[in-house]
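Fold and geometry: a report
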Amino acid sequence: MEDAYIIRGGKPLRGEVRLSGAKNSALKVIIASLLFDTHVTIKNVPHIGDIDDLLTLINSLGGNARFIAQNQVMIDGSSINKNTIAFLYASKIRVSFMLFAPLLHKLGKGNIPNPGGCRIGSRPIDRHIECMKALDIHVTYSESDGYYRASLEKKRIQGGKYRFEKSSHTGTEFALMLASCAEGETVIENICLEPEVDDLINFLIKGGAHIKKKDKTLIVQGVKKLKIDFPYHISPDRNEAVTFALFAIATKGSVMVHDVNTAHIQTFIDVLKKAGGGVEYEGMGICFYYNHALYSTDVTTAVHPGFMTDWQAPWAVLMTQAEGISTIHETVFENRFSYVEELRKLGAHIDYFYPPVFNPHEIYQFNISKEEREKYQAIRIHGKTLLHNGVLQVSDLRAGASLLLASSVAEGESIIRGASVIDRGYETIDRKLKAIGALIKKV
Ligand code: EPU
């Protein structure tokens, strides 16, 4: 296999798409299932590369995790007997770090290498570590082998208080997992409000956890045992909804996206309407369609309920089709413009600039070093551009989906190398695109 997608673009995409379950919920719910004493069944799990890698990793620890039917996973963590995650598995998937929660709960210690995952900035885990320390967990890092080693002083994780000085999505979820099985009360402040966090809260509550959410604070009374007797259903993927909405509008087509939770993408819908995109609600679905010539927009990414960082790369593609100059200011990750060079290969006019920021420590969610401040955090897209075909390289998941999108807009045949990176997060994206008329094949 060439690990590439070939797309012949320039054709309006029309039809219907049913969303898969959210990758960023499923990964955490599967890990949290390992805190349970019994086996857990999870439905609507997307069958994607990241999930396969996570299941392999769990099995490597002695657990039992597998697909038992289409989009249905069974996880039994009761047999976990190894406390060290091999470098090979951890390097593939960033959430491997969250396995510290079940390893500490079950075995009292764990050894996990520095996490892998998409290369979008340095992605440190200092906030996760600080949170562990606040819950009485002893953690050290060895530079010689790249492993974090954690152990409990007492029999159980101890309740405590932790405040995220800057937001962290997986940090919030990790803290929640630790707190759910800790002894006593844990207060977690300045949490992320992402819908995937709510999915995890719902799952843990259904398993018997005591969690209260008030504004941006979680109050958790730890329990000894978690148990669930019925399958848990993962919510639809809001990132996939946005991706297909943009396929519809950028190609001047019309796509009915089923099973969308509108509240999860409200900010996107608002900005899309300002750009002139067509949005029509039909029951539990939304029809996204090309309405008329698109307007340029100025977008700043932010944590939920803001305009999500994962949406900015495909949005940049849409803005190549809008009249005038659009801007995107990325505030969540310090390096999420890797797709710009690739879009330039198709003829897009994009340049970088320094947006005026007077309070960078408040605005930016990444830790700001001098080097980071000297990196460009914003782009200008000069539209409207007639995109042409090219040979492109995928660097990260969302950038990959954006290159598929740009190639669908562009005239001619494009090759997108790195199909497996896209398949890590989008379930059968080629089949779903074919169903709405895309001329796409995997080679
Ligand atoms: N950060 C730190 N230290 C930490 C934690 C985070 O400096 O200890 C920084 C990050 O480097 C980043 C910022 O804080 O600059 C925010 O990071 P966050 O922890 O919120 O991101 P994440 O949890 O690593 C998750 C999703 C991302 C999504 C972001 C934002 C998963 C597995 N990943 O990442 O999804 O973009 O939240 O919502 O849930 C994707 O699906 O392709 C993806 C990258």
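Our subject is the structure listed above.
An account of the accompanying structure is given in this report. (Residues numbered from 1 in each chain as written. Predicted model: local features only at pLDDT ≥ 70, side-chain atom pairs only at ≥ 80, totals over all residues. Heavy atoms only, no water.)

1. Focus: the sheet that holds strand β16 (residues 285-289)
Taken in spatial order, the four strands of this open sheet run β2-β14-β16-β15, and their pairing is mixed. At either end of the open sheet lies a strand with only one pairing partner, and these are β2 (14-18) and β15 (278-282). Neighbour to neighbour, the strand axes of the sheet diverge by 20° on average, direction disregarded. Of the pairings in the sheet, the one linking strand β14 (residues 254-258) to β16 comprises four bridges and is antiparallel in character. Its bridge partner lying in β16, Met 256 is registered against Cys 287. Sheet contacts for helix α8 (residues 238-250): β2, β14, β15 and β16; angle to β14, the most-contacted strand, approximately 165°. Running at roughly 135° to β15, helix α9 (residues 266-274) makes contact with β15 and β16 of the sheet. (Pairing = 2+ DSSP bridges. Helix = DSSP H or I, 4+ residues; strand = E, 2+ residues; numbered from the N terminus. Axes fitted to C-alpha atoms, helices over the stretch in contact; angles between N-to-C directions. Contact = heavy atoms within 4.5 Å.)

2. Things to note about the site of the ligand
In the vicinity of the ligand there are 27 residues, among which Asp 126, Ser 168, Thr 170, Asp 310 and Val 332 approach most closely. His 128 is positioned with one of its side-chain polar atoms (N or O) 3.4 Å from an oxygen atom of the ligand. Side-chain polar atom of Ser 168 to an oxygen atom of the ligand: 2.6 Å apart, as the coordinates give it. When isolated, the ligand has an accessible area of 830 Å², and the protein chains bury 97% of it. Its residues assigned to classes, the shell around the ligand comprises nine nonpolar, nine polar and nine charged. (Near = heavy atom within 4 Å. Polar contact = N/O pair within 3.5 Å; in protein donor to acceptor, adjacent residues only side chain to side chain. Areas by Shrake-Rupley, 256 points an atom, 1.4 Å probe, with all protein chains shown as cover. Nonpolar A, V, L, I, M, F, W, Y, C, P; charged D, E, K, R; others polar.)

3. Focus: the environment of Ile 228
Locating Ile 228 in the fold gives a position in the loop between β12 (217-221) and β13 (232-233). When neighbours within four sequence positions are excluded, Ile 228 is seen to be in contact with Phe 36, Thr 38, His 39, Val 40, Phe 203, Lys 206 and Gly 207.

4. Some words on unusual backbone geometry
In this structure, the amide linkage connecting His 304 to the following residue, Pro 305, adopts the cis form with an omega of 10°. That bond from Gly 383 to Lys 384 is cis: its omega, 0°, falls within 30 degrees of zero. The residue Asp 136 is not glycine, and still its phi comes out positive at about 70°. Here Asp 136 is to be found in the loop between α5 (126-134) and β7 (137-142). One non-glycine residue, Asn 190, lies in positive phi territory at about 60°. Structurally, Asn 190 is set in the loop between β10 (185-189) and α7 (195-206). Note on Asn 190: relative accessible area 17%, which makes it buried. (Buried < 20%, exposed > 50% of the residue type's maximum accessible area, 1.4 Å probe, protein only.)

5. Here's the deal with the pattern of salt bridges
Applying the stated rule across the entire model yields 24 salt bridges. A salt bridge links Asp 198 to Lys 213; the nearest nitrogen and oxygen atoms lie 2.8 Å apart. You can see Asp 198 sitting in helix α7 and its partner Lys 213 sitting in strand β11 (residues 210-214), a full 15 residues away along the chain. Classification of Lys 213 as partly exposed rests on a relative accessible area of 38%. A single network of salt bridges, built from pairs that share partners, joins Lys 23, Asp 50, Asp 53, Lys 92 and Arg 424. (Salt bridge = Lys/Arg side-chain N within 4 Å of Asp/Glu carboxyl O.)

6. Quick word on the packing of aromatic side chains
This model, assessed by the stated rule, comprises 19 aromatic pairs. Ring geometry for Tyr 354 against Tyr 376: centres 4.5 Å apart, planes inclined by 35°, an arrangement best described as tilted. Of this pair, Tyr 354 sits in the loop between β20 (349-353) and α12 (360-363) while Tyr 376 sits in the loop between α13 (370-373) and β21 (378-383), placing them 22 residues apart in sequence. The exposure class of Tyr 354 is partly exposed, given its relative accessible area of 47%. It is Arg 380 that lies over the ring of Phe 353; its NZ or CZ is 4.4 Å from the centre. (Phe/Tyr/Trp six-rings, centres within 6.5 Å; stacked < 30°, edge-to-face > 60°. Lys NZ or Arg CZ within 6 Å of the ring centre and 35° of its normal.)

7. Observations regarding the packing of helix α1 (residues 23-33) against α7
Contact geometry of α1 with α7 gives a least axis separation of 9 Å together with a crossing angle of 30°. One finds that α1 runs roughly parallel with respect to α7. Once α1 is placed against α7, the crossing between them reads as right-handed. Contact residues: Asn 24, Ser 25, Lys 28, Val 29, Ala 32 and Ser 33 in α1; Glu 196, Asp 199, Leu 200, Phe 203 and Leu 204 in α7. A class-by-class count of the residues in the contact of α1 with α7 yields five nonpolar, three polar and three charged. (Parallel < 35°, antiparallel > 145°, perpendicular 65-115°, else oblique. Left-handed = near helix turned anticlockwise from the far one by under 90°.)

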